[in-house]
Amino acid sequence: MPALLSPRSTVLVVGAGPTGLALALGLATAGVPVRLVDSKAAPSTTSRAIGIQARTLELLDLFGLAETFVSLGLRARAGNIYAQSRQLVHLDLSCLESRYPFVLLLEQTETERLLTEAIVRKGVQIERDVALLSFKQDDEGVDVQLSQSGAGPVASRYAYMVGCDGAHSVTRHGLDLGFSGKTLRQKFMLADLDVRWQLPNDQFHIFTSPEGLMAIFPMRSGHRLIAETPKEPTASATGPTLSQLQEIAAQRTAVEVTLSNLRWSSFFQVNSRLATRLRPGRIFLAGDAAHIHSPAGAQGMNTGIQDALNLAWKLAFVLRGDAAPELLDTYQSERYPVEQGVLRKTEILTKMVSLRAPPLPYARNLIVPPLARTRLVQSVARKTISQIGINYRRGRLLEGLAAGDRMPDAEVELEGEGTRPLYSLLDGAHFKLLLVSYSDVSSLGASIAALVPKQIAQLICARSVHCDEHQDLEKSFVLIRPDAYVAKVGPISRVAEAIDWLGAHLQVKNH
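The residue count restarts for each chain, going from 1 along the sequence in the order it is written. Local features in this predicted model are restricted to residues of pLDDT 70 or higher, and side-chain atom pairs are both shown and tallied only at a pLDDT of 80 or more, whereas totals for entire chains, interfaces and linings draw on every residue. Excluding hydrogens and water, the side-chain values take into account all heavy atoms of the structure.

### As for the packing of aromatic side chains
Consideration 1: For Phe, Tyr and Trp, where Trp contributes only its six-membered ring, two rings pair if their centres lie within 6.5 Å, and the inter-plane angle classes them as stacked under 30 degrees, edge-to-face over 60, or tilted in between. Tallied over the full model, the rule gives eleven aromatic pairs.
Consideration 2: Centre to centre, the rings of Phe284 and Tyr331 are 5.9 Å apart; their planes meet at 70°, and the pair counts as edge-to-face. Of this pair, Phe284 sits in strand 18 (residues 283–285) while Tyr331 sits in helix 8 (residues 329–353); the two residues are 47 residues apart in sequence, bridging distant segments of the chain.
Consideration 3: Measuring from ring centre to ring centre gives 5.5 Å for Trp313 and Phe317, while their planes differ by 90°; the resulting arrangement is edge-to-face. With Trp313 and Phe317 both in helix 7 (residues 300–319) and four residues apart, the pair spans about one turn of that helix.
Consideration 4: We classify Phe317 as buried; its relative accessible area is 0%.
Consideration 5: Each member of the aromatic cluster is reached from another via a ring pair, and the members are Tyr82, Trp197 and Phe207.
Consideration 6: Two conditions define a charge located above a ring, namely a distance within 6 Å from the ring centre to NZ of Lys or CZ of Arg, and an angle within 35 degrees of the ring normal. Across the ring face of Tyr485, the terminal group of Arg55 is positioned such that the distance to the ring centre comes to 4.5 Å. Helix and strand assignments come from DSSP, with helices taken as H or I runs of at least 4 residues and strands as E runs of at least 2, each series counted from the N terminus. Only protein chains enter the accessibility calculation, which uses a 1.4 Å probe. A residue is then buried if its area is under 20% of the maximum for its type, exposed if over 50%, and partly exposed in between.

What follows is the structure, given as C-alpha cells:
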C-alpha cells in the first residue's frame, strides 16, 4: 500500500451510502486520506436498492470483495416480461461474458455493511450525524463548515470535496447547479415480503396489465415487489398493506400467487434528473447527488458506485503528484455521457412496460416478442443491463479491444504460477501493463521493468491470455487503467511508446 499523504491532501466525502463508501474505498486503497461524513445518525435499516450488476461486481473484485458479496446474495440468471399470461421477453443472463453472469440480488443494507467493513480495514471511519452547513472553494482547496449532532459549526479545509449526499444533495444545492429532468407520471409502491407461486425463484418477473405495472424480484430471504399504484390511491400514508398488495398481485399476474409476511412497504414517485455539471472546480458530484432515475433495470446504485471508482483513482493520482490536475476533467467527459444514457434507457424501459392506452399495448405485444428472441437484441440487452457494455471510446466504432473498452476478465497464464483471473491481479490503484508473449515474456519483462514508473504502473508478464471476447493477444501489450478499462493496446514491439504515452497522458514530467 502506498504511503499516506499529508492531511492537506485529504478528500472530504459527504454521504456514506454505496457511492460515498465506494469512493472512500478507492481513495484509501490508493493511500489518500479520506474524511467520510454522513448527516444520518445511523445507517438505514430498509433494503432499498437490491440489484448489483456484473460490471459492479467486477469492479468490487479489484478490492477483493466480489466473492463475499456473491456468497450473501441471490443470483438471478434470467428475467421475464409478461403481458398478463403471455411472455413478451425472456432475457438470459447466463450467456453474459463475465465471471458474474447474473444480477446479484442483495439488500442495500448488506452492500453498505460490506463496504463499511472494507473501509474500516483501511483505517477509515464514518462520522455520523455530521451535517454539511456551507462551503466555499479557491484554487488551492475547499473551506467547509460542518456541524456534529446539531452543535455549532466547525471549520475545516480539504484538498477536494465530493458530494455523494443523495437526491436532495446539500452539495449540489450549495453549488447552485441545475437538476434538470422531470417527474414521471407513474406513482409506485414497493414492499419486501414473501411470495408463494410456481414461477422460478432464480429469475425476476415484470408484469404489464391494463391495471398497471408490477415486478417481483427474488431475494435470499423473501421477495421485493414493485407496482404502479391503482388509479384510486390507497388510504394508508406510510405504505400499502398486505391485503392491498395481494389484490394487486392477483389482478396483474396470470398465475396463482400468495403474499405473506410483509416486512416493509412504502410509496414513491419516480424522478428522472441529471445535474448540469459533475465538477465545478475542486468539488464533485457522484451517485444520486448527480443523477436519479427510474429503478427499471436496477441501474442507479451501480451507476453511482462506478462514478466513485472512476473518480477515486484520478483524485489519488493528482494528489500524489503522479498526474496533472487536468486528469480530473475526464471525470465529467467520461461519466456524464454514461449518466445521460442511463436516464434515457430507464425512461424508455419504464414507458414501454407501462403502456396502457390502446392500441399501444397491442402493438408492443405484437412487435416485442420476435425482436426480443434475436441474438442481437439479447446481446445488447445483456450488456446494457449488466453495464459491461459501458465504455469510454467516445463514439469511435472500432473492431476488437480498443482504448476505452472494459478490460475483459480473461484467464491469464503466469510463468510458474499457473492460470489466474486477470482481475485478481489488478488492485484499483495502479495502471497495470499486461505483456503477453509465450516465448520470451520473462526476459522481455525484465527489460521493460526499468522503464515503468512503479508508483504509476506495474507489470503483469503472461505466457498467454484466454479471452473469448476479443482477438488473440499473443505478442501484445494492454495498458489497463486502475478502474479496469483499457488505456492502450498494441503489439509488444510498441510497448515503449505506450509507456511514453502514459507519461504524456498524465502530464507528469521527470518520471
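### Some remarks on the packing of helix 7 against helix 8
Consideration 1: As a rule, the C-alpha atoms of each element are fitted with a line to give its axis, helices using only the stretch in contact, and angles between N-to-C directions run from 0 to 180 degrees. Contact geometry for helix 7 and helix 8: axes closest at 10 Å, N-to-C directions at 175°. In terms of orientation, helix 7 and helix 8 fall into the roughly antiparallel class. Residues Thr303, Gln306, Asp307, Asn310, Leu311 and Lys314 of helix 7 form the contact with helix 8, whose own contacting residues are Thr330, Tyr331, Glu334, Arg335, Glu339 and Val342.
Consideration 2: Of the residues contributing to the contact of helix 7 with helix 8, the split by class is three nonpolar, four polar and five charged. By definition in this entry, angles of less than 35 degrees are roughly parallel, angles greater than 145 are roughly antiparallel, angles of 65 to 115 are roughly perpendicular, and the rest are oblique. By definition in these notes, contact holds between two residues if any of their heavy atoms fall within 4.5 Å. Just so you know the grouping, Ala, Val, Leu, Ile, Met, Phe, Trp, Tyr, Cys and Pro go in nonpolar, Asp, Glu, Lys and Arg go in charged, and all remaining residues, Gly too, go in polar.

### Brief notes about a nonpolar patch on the surface
Consideration 1: Patch construction takes residues with relative accessible area above 30% that form no salt bridge. Like charges are linked within 9 Å, and nonpolar side chains (Val, Leu, Ile, Met, Phe, Trp, Tyr) are linked within 5 Å. Only the protein chains shown count as cover for residues, and all accessible areas are computed by the Shrake-Rupley method using a 1.4 Å probe. We count a salt bridge whenever a side-chain nitrogen from Lys or Arg sits within 4 Å of a carboxyl oxygen from Asp or Glu. Taken together, the side chains of Leu366, Ile367, Leu371 and Val377 make up a nonpolar region of the molecular surface, amounting to roughly 350 Å² of accessible area.
Consideration 2: At three residues, helix 9 (residues 360–372) tops the list of elements feeding residues into the nonpolar patch.
Consideration 3: Assignment of secondary structure puts Leu366 in helix 9.

### Quick look at the environment of Ser243
Consideration 1: Assignment of secondary structure puts Ser243 in helix 6 (residues 242–252).
Consideration 2: Counting along the chain gives 97 residues from Ser243 to Gln340, while the straight-line C-alpha distance between them is 39 Å.
Consideration 3: Here Thr241 takes part through its side chain, which lies 3.2 Å from a polar atom of the side chain of Ser243. Residues adjacent in sequence count toward polar contacts only when both atoms are side-chain atoms; beyond that, a polar contact is any pair of N or O atoms within 3.5 Å, and within protein one must be able to donate a hydrogen and the other to accept it.

### A look at the nonpolar core
Consideration 1: The set of buried Ala, Val, Leu, Ile, Met, Phe, Trp, Tyr and Cys residues whose side-chain atoms join them within 4.5 Å is what this entry labels a nonpolar core. With 119 residues, the main nonpolar core has Phe69, Phe431 and Leu434 as its most contacted residues.
Consideration 2: Per-element tally for this core: the top contributor is helix 7, with twelve residues.
Consideration 3: Residues in contact with Phe69, not counting those within four places in the same chain, are Ile52, Leu57, Leu60, Leu104, Leu106, Thr111, Leu114 and Leu115.
Consideration 4: Within the second largest apolar cluster, 26 residues are counted, among which are Leu91, Val103, Phe204 and Ala215.

### Details of the environment of Thr46
Consideration 1: With respect to the helices and strands, the residue Thr46 is situated in the loop between strand 2 (34–38) and strand 3 (51–52).
Consideration 2: Distance from Thr46 to Ala498, taken between C-alpha atoms, is 48 Å for residues 452 residues apart in sequence.
Consideration 3: When near neighbours in sequence (up to four residues on either side) are disregarded, Thr46 contacts Thr109 and Trp264.
Consideration 4: For Thr46, the side chain forms a polar contact with the side chain of Ser44, separated by 3.1 Å.

### A word on the sheet that holds strand 4 (residues 74–76)
Consideration 1: Whether two strands pair comes down to DSSP finding at least two bridges between them. Strand order in the open sheet formed by three strands is 3-7-4, with antiparallel pairing between adjacent strands. If you trace the sheet from one side to the other, it starts and ends with strand 3 and strand 4, each paired once.
Consideration 2: In this sheet, strand 7 (residues 103–105) lies alongside strand 4 in antiparallel orientation, the contact comprising three bridges. Looking at strand 7, one finds that Leu74 is bridged to Leu105.

### Thoughts on the sheet that holds strand 8 (residues 126–128)
Consideration 1: Strands sit in the order 8-2-1-12-18 across an open sheet of five strands; the sheet is parallel. Only two strands of the sheet have a single neighbouring strand rather than two, namely strand 8 and strand 18. Strand-to-strand twist of the sheet, defined as the mean angle between neighbouring strand axes without regard to direction, takes the value 20°.
Consideration 2: When strand 1 (residues 11–14) meets strand 2, the two strands line up parallel, connected through four bridges. Within strand 2, the residue paired with Val14 across the bridge is Val37.
Consideration 3: Against the sheet, helix 7 contacts strand 1, strand 12 (160–163) and strand 18, and its axis sits at roughly 175° relative to strand 12.

### As for the packing of helix 1 (residues 18–29) against helix 7
Consideration 1: One way to put it is that helix 1 packs onto helix 7 with a least axis distance of 8 Å and a crossing angle of 25°. Classed by the angle they form, the pair helix 1 and helix 7 counts as roughly parallel. Viewed along their axes, helix 1 and helix 7 form a crossing whose handedness is right-handed. Two secondary-structure elements touch here, helix 1 through Pro18, Thr19, Ala22, Leu23, Gly26 and Leu27 and helix 7 through Met301, Gly304, Ile305, Ala308, Leu309, Leu311, Ala312, Leu315 and Ala316.
Consideration 2: Of the residues contributing to the contact of helix 1 with helix 7, the split by class is twelve nonpolar, three polar and no charged. Handedness of a crossing follows from how the near helix is turned relative to the far one, being left-handed for an anticlockwise turn of less than a right angle and right-handed for a clockwise one.

### Topic: helix 6
Consideration 1: Turning to helix 6, its buried residues are Leu245, Ile248, Ala249 and Arg252. Buried residues in helix 6, looked at end-on, bunch into an arc of 100°, giving them a common side. Exposed and oriented more than 90 degrees from the buried face of helix 6 are Ser243 and Glu247.
Consideration 2: In the core, the buried residues of helix 6 are packed alongside strand 13 (179–196), strand 14 (203–208), strand 15 (214–218), strand 16 (223–228) and strand 17 (258–275). The arc in question is formed by the directions pointing from the helix axis toward the C-beta atoms.

### Focus on the pattern of salt bridges
Consideration 1: As enumerated under the stated definition, the model contains 25 salt bridges in all.
Consideration 2: In this structure, Arg263 engages Asp194 in a salt bridge whose closest nitrogen and oxygen atoms are separated by 3.1 Å. Pair noted here: Arg263 is in strand 17 and Asp194 is in strand 13, with a separation of 69 residues, a long-range link.
Consideration 3: Linked through salt bridges whose partners overlap, the residues forming this network are Asp61, Glu67, Arg99 and Asp409.

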